[in-house]
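# Structural features, examined
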Amino acid sequence: MHELSLSINTVDTVVEQAKKQGFKRVTSVTLAIGTLSCIEPQALATGFEFASRGTIAADATLKIESVAARVWCLDCQQHVEIPERGVSCPRCQGYQLKVEAGDELMIKHIEVE
Ligand SMILES: [Zn+2]
């Protein structure tokens, strides 16, 4: 299960960062998921809940945002944004797209106390 291992890594990173800065509790975590990442937000949320159990992030509110993918089109030599995998360039309808951002999971914001 892809989302579970991602959740565990995310919780580890969040907890480590919060502890390093001397905080005792993580209250909120905002994650950004690229639209090309194939990550299921609901599965990620479930995984996060499981992975954070017993950690200082156990009560954290999880917010998940999606980020449009940015690609470089080799045909029209432009940066374009595409909503999902498998679609053509919105400018020239070409399929020679190189993904630059949008296939990853990012920790966007953490609130701590
Ligand atoms: Zn194009």
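Given the structure is predicted, the values throughout are model-derived calculations rather than measurements. (Residues numbered from 1 in each chain as written. Predicted model: local features only at pLDDT ≥ 70, side-chain atom pairs only at ≥ 80, totals over all residues. Heavy atoms only, no water.)

Moving on: the nonpolar core. Within the largest apolar cluster, 16 residues are counted, with the highest numbers of intra-cluster contacts made by Val-26, Val-29 and Leu-44. Secondary structure elements with two or more residues in this core: helix 1 (2-20), strand 1 (26-34) and helix 2 (41-52). With five residues, helix 1 is the single largest residue contributor to this core. Once residues lying within four places of it in the same chain are set aside, the contact partners of Val-26 are Val-14, Ala-18, Ile-56, Ala-57, Asp-59, Ala-60, Ile-110, Glu-111 and Val-112. By size, the runner-up hydrophobic cluster in this structure holds seven residues, among which are Leu-36, Ala-69, Cys-73 and Cys-89. (Core = buried A, V, L, I, M, F, W, Y, C linked by side-chain atoms within 4.5 Å. Buried < 20%, exposed > 50% of the residue type's maximum accessible area, 1.4 Å probe, protein only. Helix = DSSP H or I, 4+ residues; strand = E, 2+ residues; numbered from the N terminus. Contact = heavy atoms within 4.5 Å.)

According to UniProt, the "binding site: Zn(2+)" (unreviewed entry) feature falls on Cys-73, Cys-76, Cys-89 and Cys-92. These annotated residues cover 20 residues of sequence, but their C-alpha atoms sit close together, with the largest distance between any two at 8.7 Å. Mapped onto the secondary structure, Cys-73 falls in strand 3 (residues 69-73). Of the residues examined, Cys-73 reaches a relative accessible area of 0% and is grouped as buried. Every residue in contact with Cys-73, bar those within four places of it in the chain, is listed here: Gln-78, Val-80, Cys-89, Cys-92, Gln-96 and Leu-97. Along the chain, Cys-89 falls in the loop between strand 4 (78-82) and strand 5 (97-101). Here Cys-89 falls in the buried class, since its relative accessible area comes to 0%. With sequence-adjacent residues up to four places away left out, Cys-89 is seen in contact with Cys-73, Cys-76, Val-80, Gly-94 and Leu-97. (UniProt positions renumbered as here; feature names shortened; annotations may be inferred.)

This paragraph deals with the coordination of the zinc ion. The protein atoms donating to the zinc ion are Cys-73 (SG), Cys-76 (SG), Cys-89 (SG) and Cys-92 (SG), with metal-donor distances spanning 2.3 Å. Viewed at the metal, the four donor atoms of the zinc ion are separated by angles of 106 to 116°, and the geometry they form is tetrahedral. Positions of the donor residues of the zinc ion, expressed as sequence spacing, correspond to C-x2-C-x12-C-x2-C. The exposure class assigned to Cys-92 is partly exposed, which follows from its relative accessible area of 33%. (Donors = N, O, S within 2.8 Å, 3.2 Å for Na, K, Ca; no water. Tetrahedral: all angles 85-135°; square planar, octahedral: opposite > 155°, others 65-115°.)

Here we take up the environment of Thr-35. Here Thr-35 is to be found in the loop between strand 1 and helix 2. Sequence separation between Thr-35 and Val-67 is 32 residues; the distance between their C-alpha atoms is 5.9 Å. Residues in contact with Thr-35, not counting those within four places in the same chain, are Ser-66, Val-67, Ala-68, Ala-69, Ile-82, Pro-83 and Gly-102. Only 3.2 Å separates the side chain of Thr-35 from the backbone nitrogen of Ala-69, close enough to count as a polar contact. Within the local environment of Thr-35, its side chain forms a polar contact with the backbone oxygen of Pro-83, the two atoms lying 3.4 Å apart. (Polar contact = N/O pair within 3.5 Å; in protein donor to acceptor, adjacent residues only side chain to side chain.)

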